[in-house]
Amino acid sequence: LQGIFVLGLPYALLHSGYSGLLLIVLAAALCCYTGNILIACLYEENEDGQLIRVRDTYEDIANACCKKLCPSLGGIVVNVTQVVELIMTCILYLVVSGNLLSHSFPYAPLTEKTWSVIAFVTLLPCIFIRTLKIVSKLSQLCSLVHFVIIFVVITYCLTQMHQWSWAKFRLSLEFEDFLVSVGVIIFSYTSQIFLPTLEGNMKNPGEFRCMLNWTHFFACILKTTFALTAFLTWGEKTKEVITDNLPSFLETLVNLCLLTKALLSYPLPFFAATEIVYSCISKGNHSNYQSSLLGLTVRGSFLLLTLLMAMFTPHFALLMGLSGSVTGAAMTFLLPSLFHLKLRWKKMSFLEKCADISVFILGFLCSLAGIVCSIKGLLEVFG
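These remarks concern the structure in this document. Keep in mind the model is a prediction, meaning the values are calculated, not measured. (Residues numbered from 1 in each chain as written. Predicted model: local features only at pLDDT ≥ 70, side-chain atom pairs only at ≥ 80, totals over all residues. Heavy atoms only, no water.)

Counting its regular elements, the chain contains 15 helices and 2 strands. Here the C-alpha radius of gyration of the chain, 21 Å, is about what a compact globule of 383 residues would show, namely 21 Å. Taken over the C-alpha atoms alone, the chain extends approximately 65 × 50 × 45 Å along its principal axes. Here the chain holds 383 residues, and the buried ones make up 48% of them. In the form shown here, the chain has an accessible surface area of approximately 19,200 Å², with 69% of it arising from carbon and sulfur atoms. (Helix = DSSP H or I, 4+ residues; strand = E, 2+ residues; numbered from the N terminus. Rg over C-alpha atoms; globule rule 2.2 N^0.38 Å. Buried < 20%, exposed > 50% of the residue type's maximum accessible area, 1.4 Å probe, protein only. Areas by Shrake-Rupley, 256 points an atom, 1.4 Å probe, with all protein chains shown as cover.)

Pasting the structure below:
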């Protein structure tokens, strides 16, 4: 999920200057914090003071918070939010795949939508994915491809070190451009949707906090290095997707790697979305045959839905920005801090309460700003 946004980090630095470097570090710390407090909401202390995992999913946490008002309301809101964000992400991968194929083979008499259909055909086996083990292996391959892309770009940038200049950084900022940078940087770290499932499937769940802290630390180092070296190389000529700045021979190679990454990234949000829907509609169904058939139907329907929306939704990028500003901010900042305050209020220190409230306010402001920018863009497009 993070690869698409990572390629836009140098462009974010173009519009945020020195503050962008601080934002990359701050976003890593905030997303790591909300990830940890979200997992803390899965646990309660027993009579002996030991932490026991009493909840399994984001939905369970939401239902626990809303049980006095409406036992299932929180779960419904969370599930709808998760599914919307995950499906929009899947569609984005299809759109990106079509775009990358059309740029990699410009002389082929095919449109981007046709290329998206070709990419879709390669994803048909996703219908038969039923366990997280298969998804994890594909995600591991995706990570390897991601490192290849980062390595190629950074290596090329290091060969251009002789032309680097810190004078390329901007001191003055335009507020609207800065907000775009904030969105790109923050959402390059989001992963909260997957964390409860990930922690539940770990051999040693007690190591989750350590794992999350170190992965965000190294991600921060890698992203800062990548964004900084790329921006210092191209400066004001930095493009929205940094691979467009590469020489043609490297651009084709990296685009094909990006295509591979996009296709390997698709199964994770797809699997997560279909599992949420399947678990909601199959409650009380104990027939293996019916469950298997239902699962195939859900996965097949979602696969087809992502293709149709990728093919026929106009101005998808702007709609993605609008939905991302709502769902992304909610799942990453608003809900984790709100749920943590609700479930752990009596056992939290004053500083912890202040931290959660601050994160909630910051998330709300980021979401509001993103919504305003996206709506403004849609109004301009539709005249």
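Moving on from the model shown.
Before going further, it helps to spend a moment on helix H5 (residues 73-104). Look at H5: 47 Å from first C-alpha to last across 32 residues, which is about the 46 Å you get at 1.5 Å a residue. Counting buried residues in H5 gives 24 out of 32 residues, a clear majority hidden from the surface. (Expected span 1.5 Å × (residues − 1).)

Glancing now at the side chain of Asn36. In this structure, Asn36 sits in helix H3 (residues 18-40). Leaving out residues up to four positions away in the same chain, Asn36 has contacts with Phe208, Arg209, Leu212 and Asn213. (Contact = heavy atoms within 4.5 Å.)

Under the criterion given, the structure shown has 4 salt bridges. A salt bridge links Glu45 to Lys347, with the nearest nitrogen and oxygen atoms 3.7 Å apart. Pair noted here: Glu45 is in strand E1 (residues 43-45) and Lys347 is in the loop between helix H14 (316-344) and helix H15 (350-381), with a separation of 302 residues, a long-range link. The residue Arg53 makes a salt bridge to Asp56 at a minimum N-O spacing of 3.0 Å. Its relative accessible area of 26% is what places Arg53 among the partly exposed residues. Overall, the relative accessible area of 47% leaves Asp56 in the partly exposed class. (Salt bridge = Lys/Arg side-chain N within 4 Å of Asp/Glu carboxyl O.)

Right, let's get into the nonpolar core. Counting residues in each nonpolar core, the largest one holds 102 residues, and the members touching the most others are Leu94, Tyr189, Phe226, Tyr266, Phe302 and Phe339. Leave out the neighbours within four places in its chain, and Tyr266 touches Cys90, Tyr93, Leu94, Leu123, Cys126, Leu303 and Thr306. (Core = buried A, V, L, I, M, F, W, Y, C linked by side-chain atoms within 4.5 Å.)

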